[in-house]
Structure formats: structure tokens, C-alpha cells
Amino acid sequence: MSTPQLVVHRDKELMAQAAAARLITKVVDAQAARGSASVVLTGGRNGNGLLAALASSPARDAIDWSRLDLWWGDERFVPEDDPERNYTQARAALLDAVPLDPKRVHAMPASDGAHGTDADAAAAAYAAELAEASGPEDHGQVPTFDVLMLGVGPDTHVASLFPELPGVRETERTVVGVHGAPKPPPTRISLTLPAIRAAREVWLLAAGEDKAHAAAIALSGAGEVQAPAAGAYGRARTLWLLDAAAASRLPRSLYPPASA
Ligand SMILES: O=C(O)[C@H](O)[C@@H](O)[C@H](O)[C@H](O)COP(=O)(O)O
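Reading the values: the criteria
Residues numbered from 1 in each chain as written. Predicted model: local features only at pLDDT ≥ 70, side-chain atom pairs only at ≥ 80, totals over all residues. Heavy atoms only, no water. Helix = DSSP H or I, 4+ residues; strand = E, 2+ residues; numbered from the N terminus. Expected span 1.5 Å × (residues − 1). Contact = heavy atoms within 4.5 Å. Near = heavy atom within 4 Å. Polar contact = N/O pair within 3.5 Å; in protein donor to acceptor, adjacent residues only side chain to side chain. Areas by Shrake-Rupley, 256 points an atom, 1.4 Å probe, with all protein chains shown as cover. Nonpolar A, V, L, I, M, F, W, Y, C, P; charged D, E, K, R; others polar. Buried < 20%, exposed > 50% of the residue type's maximum accessible area, 1.4 Å probe, protein only. Pairing = 2+ DSSP bridges. Axes fitted to C-alpha atoms, helices over the stretch in contact; angles between N-to-C directions. Arc of directions from axis to C-beta. Left-handed = near helix turned anticlockwise from the far one by under 90°. Salt bridge = Lys/Arg side-chain N within 4 Å of Asp/Glu carboxyl O. pLDDT = per-residue confidence, 0-100. Phe/Tyr/Trp six-rings, centres within 6.5 Å; stacked < 30°, edge-to-face > 60°.

Here we take up helix 4 (residues 119–133). Helical geometry: 3.6 residues make up each α-helical turn, so side chains three or four residues apart lie on a common side. For helix 4, built from 15 residues, the straight-helix expectation of 21 Å at 1.5 Å per residue is met to within 8% by its first-to-last C-alpha distance of 21 Å. Where helix 4 is buried, its residues contact strand 3 (68–72), strand 6 (175–178) and strand 7 (188–191).

This next bit is on the site of the ligand. Of all residues adjacent to the ligand, which total 15 residues, the nearest are R45, D74, H157, A159 and K211. Here an oxygen atom of the ligand sits 3.1 Å away from a polar atom, N or O, in the side chain of N86. A159 places a polar main-chain atom, nitrogen or oxygen, 2.7 Å from an oxygen atom of the ligand. Expressed as a share of its isolated accessible area of 420 Å², the protein-covered part of the ligand is 98%. When contributions to the shell around the ligand are tallied by element, the ones reaching two or more residues are helix 2 (44–55) and strand 4 (74–76). Here the shell around the ligand takes 3 residues from helix 2, the largest share from any one element. By residue class, the composition of the shell around the ligand is 2 nonpolar, 7 polar and 6 charged.

Below, the discussion takes up the pairing of strand 7. What you see with strand 7 is no split at all: R188 and S190 on one side and I189 and L191 on the other are buried throughout. Two elements, strand 6 and strand 7, share 4 bridges in a ladder whose sense is antiparallel. Bridge pairing in strand 7 links V175 to L191.

Turning our eyes to something else, we now look at the sheet that holds strand 6. Pairing within the open sheet is antiparallel, and its 3 strands lie in the order 4-7-6. Looking at strand neighbours, the two that pair on one side only are strand 4 and strand 6, the edges of this open sheet. The sheet shows a mean angle of 15° between the axes of neighbouring strands, direction not considered. Sitting on the sheet, helix 4 touches strand 6 and strand 7, and the angle it makes with strand 6 is about 160°.

Moving on, we come to helix 3 (residues 86–93). Turning to helix 3, its buried residues number three or more, namely N86, Y87, A90 and A93. The buried residues of helix 3 occupy one face: seen down the axis, they fall within an arc of 125°. Buried residues along helix 3 sit in contact with strand 2 (37–41), helix 2, strand 3 and strand 4.

Attention shifts here to the packing of helix 1 (residues 12–34) against helix 2. Where helix 1 meets helix 2, the closest approach of the two axes is 8 Å, and the angle between their N-to-C directions is 65°. The way helix 1 lies across helix 2 gives a crossing that is right-handed. Facing K12, M15, A16, Q17, A19, A20, L23 and I24 of helix 1, the residues of helix 2 in contact are N46, G49, L50, A53 and L54. Residue classes in the contact of helix 1 with helix 2 are distributed as 9 nonpolar, 3 polar and 1 charged.

Counting across every chain of the model gives 18 salt bridges. The salt bridge partner of E13 is K12, with a shortest N-O separation of 3.9 Å. A relative accessible area of 49% means that E13 is categorised as partly exposed. Between R76 and E84 there is a salt bridge; the shortest N-O distance is 2.9 Å. E84 gets classed as partly exposed once you look at its relative accessible area, which sits at 37%. One continuous salt-bridge network, built from bridges that share partners, spans K26, E201 and R237.

So, about the confidence of the model for the protein. Taken residue by residue, the protein gives an average pLDDT of 96. The fraction at 70 or more is 98%. Two numbers describe this predicted complex: its pTM, 0.97, and its ipTM, 0.98.

Our focus in this paragraph is the packing of aromatic side chains. The final tally for this structure, using the stated rule, is 3 aromatic pairs. Each ring, one from W71 and one from Y126, has its centre 5.8 Å from the other, and the planes form 80°; the classification is edge-to-face. Linking W71 in strand 3 with Y126 in helix 4, this pair joins segments that are 55 residues apart in sequence. Summarising the burial analysis for this pair, W71 and Y126 share the class buried. Judged by centre distance (5.4 Å) and plane angle (80°), the rings of W72 and Y87 are edge-to-face. Pair noted here: W72 is in strand 3 and Y87 is in helix 3, with a separation of 15 residues, a long-range link. According to the relative accessible area criterion, W72 is buried, its value standing at 1%. Assessed through its relative accessible area of 16%, Y87 is described here as buried. Put simply, the rings of W71, Y126 and F145 touch in pairs and so form one group of aromatic residues.

Pasting the structure below:
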């Protein structure tokens, strides 16, 4: 378990730009070292804000887009053409503007796809796809993700793992169907904490006053069932990327003065 590191930026816009620059460097380094990189995207305003910042970054094409594997941490289980899909929003923010290898873009199933409206079957299919992509050197049934990004909900949810619901309690499966999610839509697909914790690095994105309470709870030793963000950590690094508003309820001792 890697102890959370915190970086606090002046505001949401700067946090998105800085996180995008950080991701470019991470992917470029991974591709230089291993020939390819693997990143897990997240939905929501902060996740999409990072992708949009990346799309407009002058360093964007330092990434070899043809050697990047993209996965998702969660998905709203809605029809393919529903604008609410994280995949759809990621395409609009960045993916449609860069030359990805379509075989390396692993969208989660939609509710009008091969598994129909059965979210549990769709989740099992994505788990199988992850297992298929994992090798003997990987941890558990998922490939070693270089960076797994997560937005943080005001209730401390990450991906579609919500406080006290079954998904956050899952210890075996890597992907689960989520029913009755408090954040609409109610039916979702999500990586579980074991899958999240297989990542080399986990980056949690939290900007805005509405995340201040969640950040304070998650970083003050709360349990992962009550505060799923507290259970999201990487094997080598756990990085919280915040803006000053989201950090406003954290003890000052938790982050170095230089980053604020
Ligand atoms: O499907 C989703 O809604 C997201 O994956 C979800 O986990 C999101 O990241 C958080 O709810 C934070 O969302 P905001 O960044 O919009 O606050």
C-alpha cells in the first residue's frame, strides 16, 4: 500500500492542466521503458477536464497514441449512443482527436450491446477481457496499469464504488455490476478495489469545494467501506491531485506548502 502523496494546485483549471502534463510524461516514460503504456480513464467533470486539457496540450503528441492501451474504471450502463457514457464523453474530450489503435481502446459494454441489459454479465465480460490482457508478471487478473485515474465523488465514491454498497466490499472479482447507485444512472459497471489496487499508480482527482469534505474524510483514516476513496491506492504510488478548494478542509500538515 503506497502512502498518499498530495499536490494542491491553485484552481480546477490549473489542476487539470498540470495533471494532463503529468500524464503525458508518465505515458512517454512508460513507452520509452516498455514499448507501450496502459492507462485507466475515469468519468466525471475532473476526469474529462483532464482529457480536454491533454487534447490542447502542446506536448500531446509526444505520446505514441498507437501504443497506448486505454481501459475504464467505470461506466454508466446505458445504451451505446447515450451521451452520458463515460466512453462517449472521453471521445469528445480527447480520443477522437488522436490516432489511437482501436484494438487497444477497451470500452466497457453498453446496455444495448452483446449482454443486453444484464449489467452483471457485461461486468463479467469486461473482467474476462482484463484477464485476457494480463500476463504472468501482472497482479491478479488485470494487466499492470501504469496509471489508473479516479474522480472522487462528494460522498467519497471512486469509479462506481459507493459507500456501504456491495461493490466496495468485493474482494475477489475485478469488475462488478452496480445496481441502485446514488449517482445517476443507477446501473453501472465498475472495477473493484482489488482491480484498482493492481495499478502501479493510482491518481485521485478532486477539484472544487464540493470535494473538500470527501478529501478530508478519505485522507483522515476512514475505512474503505465508508469512504471508498480511502481504499484506492496503487502498488507504487497513490497521488491525490487537488485544487485549493478541495484541499480546504485538509490538515495543513498533509501537503507541502510549495504546492499550494
Ligand atoms: O461515472 C462517473 O460518474 C465517474 O466515473 C465518477 O466516479 C466520477 O469520477 C465522480 O463522481 C466524480 O465526478 P466529478 O469529477 O464530475 O465530480
